[in-house]
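# Working through the structure, step by step
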Amino acid sequence: MHVSLKEVAKYFGGHSALDSVSFDVPPGAVFGVVGPNGAGKTTLLKTIMGMLRPSSGSVTVDGRNPQTETAVRVGIGYLAEAQYYYLDFTVSETLCFYRETYPTWQDERSRELCTGFGLSMRAKVKHLSRGQRTQLGVVLALSYVPKLLLLDEPTAGLDPVMRRQFLALLMDEVAQHGTTVLISSHQLSDLERICDYVGVLHQGKLLDVARIEDLKRQVFTVQVVLAEPPTDDFWRQEWMQSVRQHGRIYTVVAQGERDSLASYFAAAKPLALEFIEMPLEDIFIARMGGEGYAFK
Amino acid sequence: MFNIDQRSATPIYQQLIQQVKEAILRGGLCAGDKMPSVRELAGQLAINPNTIQKAYQELERQGVIESLRGRGTFVCQSVVPTVDAQKQAKVSESLRRVVIEAHYLGLSAEKIMTMVEEHLHDLKLGVNR
Amino acid sequence: MPLSKLLPSRALLRKDWRMTRSLFLVFASFITFASTLTLAYNIVSYRAAEGAWLGGLRASHRLLESSSGFHGAAMVLFAIMMGVVSMGLERDKGTLSVLLGMPYSRRDILSSKAVVSLLQISLPFIANALLMTLLLRTNQGVNFPFGVGAIWSWAVHSVLVLTFVLCVTLLASTVSGKMLGAAFLALVILFFPFGMYALVHVNATQWQTTGLISHGQGLFWHFSDLFSDAANYLTVPLWLIDFPAVVAVNSIVHVDMNVIELVFANSVWSFVVVHPYVLYLLLAGLCLGLYTWAQKWFAGTELEHDDELLALPRLRGLISVGFIGCSALLGGAVLPAVLGETKGVPGAVVMLLSYASSAVVAWMLARRFLGDSTTGHLSQGAMKAKRSPIALLIVGLVLVIVMLIAMFSLPVVVSRQLTQAEEVNMLALADSVMERRTQALVGTDGAPPAALNNDFARESPELHKREQVLIVELAERREALRQRGESYIRSETHLVLISSRVRQGTATVVALEQSKLYYARAHPAQPEYMAWEAERGFVFMRRGGVWELTEHGVMDTSKGLPPNEPRGN
């Protein structure tokens, strides 16, 4: 499913949760949304889901508005960090409700997943642990083979083994059905593995959208040791994000192609030149110019 | 079989390409062997199938693997290295960069050469094959 | 539109039923206990006491007649609970947002809840009405003071009033985000008229005691009096309790009158209150209106205000003003009593200060709980329900036409029971007739006692003539006894009501006569009095707006005639 947002804004009372957000997600892509708490990730996903009405702008899923056209929601799956279930229902009653709601429900799939997770059909939801409830959520979201999956911090609260299991399941789903996925998460390591694109949300604004491999190819930390300090102009290149100096060691965060960077620094005849691997967070921080994650 | 390091500066699909090639060279994958499907690999490694698809496409373009309709993807019978002037220039540039780095890390020219030979030997590409 | 589209989805119905079934079971048990089980118990007791037990059946009759007191209030509370729980529970637990992310429209979600709640309210009444009808039919030997008609009219009346309560509560639930808020709002709406009247009345009295405003003058007092009538009629729980009594008070019901005839026979107020069909149709229409309103508001609710007391911010102003106003009145009613200063100018000052301080406190509370009225952007425009206005117009027209047909053709009352007022007065008349006879055996100085004709019942002229003939006969009997040396000095006559029934303009009242004739004793060894009991039937016919007693007699003559009966007939 193709997801498209144009200038979407959402206000709660006087507070703006989303501000002029625009992006497109082509069908079959995996789109990650990162951002600090309160950035608006949940609001964004709920708006795409059709639960919330944007204050202005438009949201379209496959060209249709998910909020007004209920038929679109048949193909959208949602897994939230905050889990809401009918606590008094048993697992099988919950499954039954979803089965009757979604025409594309696959019974064998749901049973298979439940058995895989070890969920008992007759257990009441209020007796399930948090992890088990997440698993139930996964069963519910995947069993009707939605064409669009919206995942709101799905791996929060899962141990590393379950987290890897979940991602593997997710990727298997994408590979098999070509599902479009929007996932919000703090775990950048997860996003690195699975996303085609990543967008940064900060205080309701979408700061940037990029492909991970592009990011990795374009931002580097270079450590240069120079015998004599060069001219001031040397450090005044616009592709240099930041320069820090400890005696003769200069640490530069720079944007550009690796080879050209290497050549540039080599020209200064350094005593030592090293490219340090940057975790994705630092890449983001560098690109955003320090917004969002940095403490001021 | 494959090990992806997401923190590395190298994009995942490139790592995958390298690892496939390395596996073939080391004998882990032989000519005619069936490659895991995109779906299987995505599930095993928990990485984006588009990435895997990209890697497979590139490997196919390079003539390392071939996909036979309805039967799967297989390692090519004979890997014919194509001589590509542009690619050669790129490799040369990469080598140059590595040499610069090595130098500034304090490695002497001899050490660099020894390391190259070690790798060649390890990959069974050495002069004494 | 295919029928399947008009009904909400089966999955939703099943889910809503499953969610609320415990509350439904409690409610159903309560209704069953209060009606069928009580009736069954009364029947058993009646049979055990072999007819001497009269009180129990009256209890069932009272229940059916008026759903009075405790039962009425409990039913209203149940209906409020059902309405609040069906929407509020989902909101409080957060499952509403999940539901909204599913392929259901807001309209479907609310309609499913409405349908399930409606079923849960009506099923217990229908089931119990069936059971009680069965009990009546299979217990022919028992003298029931009510008929099958009364049972079903009880069921219909209760279902309709509770449906109205439910619709009000559903509307309140769309306004408030919390269950408690919705319950509070529903209670306020349902009791508002009565409570408002009380507040206004008390404040008026306070102002009166300051001496600055004299009683009886001006529009203010007219308004206050008018308001009390309106308040009584508009407060729902009072309906349940008082409706049949109000009918009794305004009881000018002829069994064959239709609504139009009654309009010209009576005042405006009685028109609304007395005619069940009109009232019920109005009520049904009101329910539909409230439901449509609830749908409209539900479509416009901002979901993110679920956790707040008020889910519809645009009502904030209205509710705040209402709250502040009522709090001011409440302060004006309570504070001067506490402070003690009520007379003259100081009294007026105290009143004004009370208003001011209560209003300020209420304003602060409103700000705290209802939120700040200075909002930023709200979502532009509520979602307009996709419903053609023409359909609504057609529905409205159909309702009006049905109402008109009812008003012109249907007789107002099909199966009517005697109201308590009527019963009491008819019995008093019958009592006086019997008293007159028995007195004739005693003999009095002066004119014999007259029959107690009253507004509800009187003696028919034919009967009066026949009674006069009998009194002469009884007087002769008295003389004969006196010549033999037996005379009576005193009589006591007492009628105990057993049952009453109305059929086609004829009412039959069965009562037990318990009478004593005291001997004029010569010496203590003689018995003090002669007593007898006889079951008598009194037949009244509806003439000229009054029940006329046309004949009466002993039901079972096999045991011999009591002394005050004519001989040789």
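Each residue is numbered by its place in its chain's sequence as written, counting from 1. Chain letters start at A and ligand numbers start at 1, both assigned in the order the entries are written. Note on the predicted model: pLDDT of at least 70 is required for a residue's local features to be given, and 80 or more for side-chain atom pairs to be given and counted; whole-chain, interface and lining totals, by contrast, use all residues.

The next thing to look at is the overall build of chain A. When you go through chain A residue by residue, the secondary structure sums to nine helices and 13 strands. With C-beta atoms placed from the backbone, a residue is buried if 20 or more other C-beta atoms are within 10 Å of its own, exposed if 12 or fewer are, and partly exposed between those counts. Scored against the burial criterion, the 296 residues of chain A give a buried share of 41%. Throughout, a pair of residues is in contact if the C-beta atoms placed from their backbones lie within 7 Å. For chain A, long-range pairs separated by at least 24 residues make up 71% of all intrachain contacts whose partners lie at least 6 apart in sequence. Runs of E in the DSSP output that reach at least two residues are strands. Runs of H or I that reach at least four are helices, and both are numbered from the N terminus.

So, on to the pairing of strand β6 (residues 148-152) of chain A. Residue and element names in this part refer to chain A. In terms of burial, β6 is largely enclosed, as five of its five residues are buried. Neither face of β6 is left uncovered, since the one carrying L148, L150 and D152 and the one carrying L149 and L151 both have all their residues buried. Pairing analysis gives four bridges linking strand β5 (residues 76-79) to β6, with the strands arranged parallel. Bridge assignment links Y78 to a residue of β6, and that residue is L150. Two strands qualify as a pair provided that DSSP identifies no fewer than 2 bridges between them. When β6 meets strand β7 (residues 180-184), the two strands line up parallel, connected through five bridges. Looking at β7, one finds that L149 is bridged to V181. With the strands pointing away from the viewer, any crossover whose connection runs clockwise from the first strand over the helix to the second is right-handed. In this fold, the crossover linking β6 to β7 by way of helix α5 (residues 160-177) has right-handed handedness.

Attention now goes to the interface of chain B and chain A. If you look at the interface, chain B gives 20 residues, while chain A gives 27 residues. When contributions to the side of chain B that touches chain A are tallied by element, the ones reaching two or more residues are α2 (38-45), α3 (49-61) and α4 (85-105) of chain B. A total of six residues in the side of chain B that touches chain A trace back to one element, the largest contributor, which is α4(B). Ten residues, namely Ala, Val, Leu, Ile, Met, Phe, Trp, Tyr, Cys and Pro, are considered nonpolar, four, namely Asp, Glu, Lys and Arg, are considered charged, and the remaining ones, Gly among them, are considered polar. Partitioned by chemical class, the residues of the side of chain B that touches chain A number ten nonpolar, five polar and five charged.

A few words on the interface of chain A and chain C. Listed as interface residues are 26 residues of chain A and, on the opposing side, 24 residues of chain C. If one sorts the elements of the side of chain A that touches chain C by residue count, helix α2 (residues 91-101) of chain A sits on top with four residues. Per-class residue counts for the side of chain A that touches chain C are 14 nonpolar, eight polar and four charged.

Our next topic: the sheet that holds strand β2 (residues 15-25) of chain A. All names here are of chain A. One open sheet accounts for three strands, arranged β2-β1-β4; its pairing is antiparallel. What marks the edges here is a single partner per strand, and that holds for β2 and β4 (56-61). Here the average twist between neighbouring strands, direction ignored, is 20°. Axis geometry follows a simple rule: fit a line to the C-alpha atoms, using only the stretch in contact for helices, then measure angles between N-to-C directions, giving values from 0 to 180 degrees. Of the strands in this sheet, β1 (3-12), β2 and β4 touch helix α1 (residues 41-49), which is tilted by about 60° from β2.

Along α2(A), the positions that sit buried rather than exposed are A:V91, A:T94, A:L95 and A:F97. When α2(A) is viewed along its axis, its buried side chains cluster within an angular range of 155° and face the same direction. Taken together, the buried residues of α2(A) touch α3 (107-117) and α4 (130-142) of chain A together with α2 (10-48) of chain C. Along the arc lie the directions from the helix axis toward the C-beta atoms.

This brings us to the confidence of the model for chain C. Residues and elements named next belong to chain C. A residue's pLDDT is the confidence the predictor assigns to it, expressed on a 0 to 100 scale. Across chain C, the average pLDDT comes to 73, with 66% of residues at or above 70. At the low end of the mean pLDDT range in chain C sits helix α12 (residues 268-274), at 43; at the high end sits helix α6 (residues 106-138), at 91. Contacts from residues 262-274, a stretch scored under 50 in pLDDT, to residues over four places away or in other chains number 20 contacts. Overall, residues 373-388 carries pLDDT values under 50, and its contacts beyond four positions in sequence, including any with other chains, amount to 26 contacts.

The predicted model of chain A has a mean per-residue pLDDT of 84, with 96% of residues at 70 or higher. Predicted confidence for residues 290-296 of chain A stays below pLDDT 50, and this span has twelve contacts to residues more than four positions away or in other chains.

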